[in-house]
Amino acid sequence: MNDPQPPILPAPRPLQWALQRVASVGAHLVPGRFDLRPEAVLDRAAGLEGSREWGSERFIEPMSRVLREASAPPYTALARAVSQEVAVRAVRNRIRAERVLSAHPHLRDPRIERPIFVVGLPRSGTTLLQNLLAAEPGSRALQFWELTQPTAVHRDPAVDRARRQARAARDLRAAAWLAPEMSAVHDVRVDSAEECWLLMANSFAVLNYDLANGAQAFGDWLLQQDLGWAWAEYRRSLGILLAERPATTLVLKCPEHLWFLDHLLQTFPDACVVWAHRDPVRSAASYASMVTLSRRLMFGRVDAAALGAHVLRRFTQGIERAMAVRERADPARFADVRLEDLTADPLGTVARIRQGFGLPCTGEGLRRAAEHLVLPRHDAPGRHRYHPAQYGLAAPAVLPAVADYRVLAQLPAPPPPPRRALLVHPRFPITYWGFQYALPLSNRRASLPPLGLVSLAALLPTSWSLTLVDLNIEELSDEALAACDVVLLGGMRVQAESMDEVIARARAAGVRLVVGGPAATSDPERFA
């Protein structure tokens, strides 16, 4: 009962557990089956593509670092299998891109005019913004199938598209088997507009390996690097995709760009940057809940508090880095959008952004945007349930580090921390009511569940953090008393002696106390 709303379960699902076991057995029976040595990954990709022409070799260092981290505990055998597949695919994408660039040298310096970049903390409304902005005729976002395989696999455009989409569909089916809950968090489809970090993953210079997959040492290293080379490769990848499906304006979305805003502005000097804002506590909690799924795959189990602390640290770094860049940049290159304003008036927000940048904003574009708003989605608001307290993300812990950001984004003050209530069910003495001598025969520790307190819990505000202690099966610790704001105690007259003990301890600890139930109702003076 610690969580007012149930989090996504961190425990492995049966299918995932089975795959973990199969991967473990495979790794044991066939040593080197999931070989994450850089040379092994490069050799396998080169063998599959028949070429070792993968362009600049600067990607090898970040690839080596992230693979080295994924090859050691606590990463699971299944995590190593997935990491190997992802790495080989990225190198193969590089080889294929190099073929295209060799055949079309002009794409090494593509012409990309006034792209729109939607940035912001993850889970801050960036997906909705991208889709609405891309609805304007002549604009387009990048779809999942082309992001995961950015070069053609067949000369016939129709056959090529069908094959690439079929592979993307297989990827999504596999992801759904491993984490079926994800569709309620972020609904990814073959043709949905997605984040372009998938393109940058071919350079291995992506913070997602840290945030989503837990490679923290890699993330610390990456944030200290000059990634201009990776952004140049990213620009060339965009040129390849635009050559296949031209558009006047690219609408790109990647919260990760917030950490590397300096490279974005240098690589795209005329970029229009839309910064989506949301309360950092809610963003961090939502994101921590989402990446619980990928980390469950990587580690088997997830430490929610440690995950929340790490996400908060990285989010704070991203805010500080982006704000430092923005202080030096031309204000006209930025548009700020609060999630509350976007959800209250999505079409008006889109019109304001486009008109502010001097970009077209037609009735047809707004009509298409309105159509998008009514499309059915598995991740509709309310489907994803979480609470900051589940990840140790109390509001006061965030406020000092991001106070300047709140001013910039015109965000309201954070809500007060949730009230922490300790619900205590008193002990039964050795009587008919307790069944202490009969319980061992049925392998039980208590005869009556505290249904009264459970019913009370259902009536309390959902923002409260609740802890239930049944003294018939566990002790009431001093730490639990010190950590609560109020003790809610209820019981029958036969439990009065235990109630007196709890009352005395709560008063000694200086904790507010509320007593109810049959005992207090029948003898209120005793418990006053």
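Before reading further, recall that the structure is shown in the block above.
Residues numbered from 1 in each chain as written. Predicted model: local features only at pLDDT ≥ 70, side-chain atom pairs only at ≥ 80, totals over all residues. Heavy atoms only, no water.

Visitor: Hey, could you go over helix α23 (residues 496-508) for me, with residue numbers and the actual values?
Guide: With 13 residues, α23 extends 18 Å from end C-alpha to end C-alpha; this agrees with the ideal 18 Å at 1.5 Å per step. Looking at α23, one finds that the buried residues are Ala-496, Ser-498, Met-499, Val-502, Ile-503 and Ala-506. End-on, the buried residues of α23 take up no more than an arc of 155 degrees, which puts them together on one face. In α23, the exposed positions that point more than 90 degrees away from the buried face belong to Glu-497 and Ala-508. (Helix = DSSP H or I, 4+ residues; strand = E, 2+ residues; numbered from the N terminus. Expected span 1.5 Å × (residues − 1). Buried < 20%, exposed > 50% of the residue type's maximum accessible area, 1.4 Å probe, protein only. Arc of directions from axis to C-beta.)

Visitor: Mind laying out the side chain of Ser-192, listing which residues take part and the relevant values?
Guide: Considering the arrangement of structural elements, one finds Ser-192 in the loop between α8 (182-185) and α9 (197-200). Residues contacting Ser-192, with those up to four places away along its chain left out, are Leu-142, Gln-143, Phe-144 and Asp-187. (Contact = heavy atoms within 4.5 Å.)

Visitor: Requested: an account of the sheet that holds strand β4 (residues 272-277), with residues and values cited.
Guide: Pairing in this open sheet of 5 strands is parallel, and the strands run β2-β3-β1-β4-β5 from one edge to the other. What marks the edges here is a single partner per strand, and that holds for β2 (139-140) and β5 (334-338). (Pairing = 2+ DSSP bridges.)

Visitor: Let's hear about empty space enclosed by the protein: which residues, and what values?
Guide: Under the defined criterion, the tally for this structure stands at 1 cavity of 30 Å³ or more. In this structure, the largest cavity occupies an estimated 30 Å³ of space. Forming the walls of the largest cavity are Trp-197, Met-200, Ala-205, Leu-227, Trp-231, Cys-254, Glu-256, His-257 and Phe-260. Split by residue class, the lining of the largest cavity holds 7 nonpolar, 1 polar and 1 charged. (1 Å grid on protein atoms, 1.4 Å probe; cavity = no way out; pocket = protein on both sides within 12 Å on 5 of 7 lines; lining within 4 Å. Points joined across faces, edges and corners; volume = space filled by probe spheres on them. Nonpolar A, V, L, I, M, F, W, Y, C, P; charged D, E, K, R; others polar.)

Visitor: I'd like a rundown of the packing of aromatic side chains, residues and numbers included.
Guide: For any pair of aromatic rings, the description rests on two quantities: the centre-to-centre distance and the angle between the ring planes. One pass over the full model with this rule turns up 12 aromatic pairs. Relative to Tyr-234, the ring of Trp-231 has its centre 5.3 Å away and its plane inclined at 80 degrees; by these criteria the two rings are edge-to-face. With a gap of 3 residues between them, Trp-231 and Tyr-234 both fall in helix α12 (residues 228-244), about one helical turn apart. Take Trp-231: its relative accessible area is 1%, and that puts it in the buried class. Linked through ring pairs, Trp-54, Phe-59, Phe-204, Tyr-209, Phe-218 and Trp-221 together constitute an aromatic cluster. (Phe/Tyr/Trp six-rings, centres within 6.5 Å; stacked < 30°, edge-to-face > 60°.)

Visitor: Pulling in residues and values, what's your account of the packing of helix α2 (residues 38-49) against helix α4 (residues 77-103)?
Guide: The geometry of α2 relative to α4 is characterised by a closest axis approach of 9 Å and an angle of 50 degrees between their N-to-C directions. By the angle between their axes, α2 is oblique relative to α4. For the element pair α2 and α4, the recorded crossing hand is right-handed. From α2, Val-41, Leu-42, Arg-44, Ala-45, Ala-46, Leu-48 and Glu-49 reach across to α4, where they touch Gln-84, Glu-85, Ala-87, Val-88, Val-91, Arg-92, Ile-95, Arg-96 and Arg-99. By residue class, the composition of the contact of α2 with α4 is 9 nonpolar, 1 polar and 6 charged. (Axes fitted to C-alpha atoms, helices over the stretch in contact; angles between N-to-C directions. Parallel < 35°, antiparallel > 145°, perpendicular 65-115°, else oblique. Left-handed = near helix turned anticlockwise from the far one by under 90°.)

Visitor: Please set out the sheet that holds strand β6 (residues 420-425) residue by residue, giving values where relevant.
Guide: With parallel pairing, the 4 strands of this open sheet are ordered in space as β7-β6-β8-β9. Of all the strands in the sheet, just β7 (465-470) and β9 (512-516) have a single pairing partner and so form its edges. Averaged over all pairs of adjacent strands, the angle between strand axes in this sheet comes to 20 degrees, irrespective of strand direction. Note that strand β8 (residues 486-490) and β9 share 5 bridges and pair parallel. Bridge assignment links Leu-489 to a residue of β9, and that residue is Val-515. On top of the sheet, helix α21 (residues 451-459) reaches β6, β7 and β8; it is set at about 160 degrees to β6, its chief contact.

Visitor: Give me the nonpolar core: which residues, what numbers.
Guide: Core analysis: the largest hydrophobic core is formed by 93 residues, its most contacted members being Val-91 and Tyr-234. In terms of residue count, the dominant contributor to this core is helix α14 (residues 280-299) (9 residues). Those residues in contact with Tyr-234 that lie beyond four places of it in its chain are Phe-117, Cys-196, Leu-199, Met-200, Leu-252, His-257 and Phe-268. Listed in part, the 22 residues of the second largest apolar core include Val-118, Leu-133, Ala-135 and Phe-357. (Core = buried A, V, L, I, M, F, W, Y, C linked by side-chain atoms within 4.5 Å.)

Visitor: So what's going on with the layout of surface pockets? Which residues, and what values?
Guide: By volume, the second largest pocket is sized at about 600 Å³. Together, 22 residues line the second largest pocket, and Asn-131, Gln-143, Asp-191, Ala-193 and His-372 are the ones closest to its centre. Sorting the residues of the lining of the second largest pocket by element identifies α5 (126-133), β2 and α18 (363-373) as the ones contributing at least two each.

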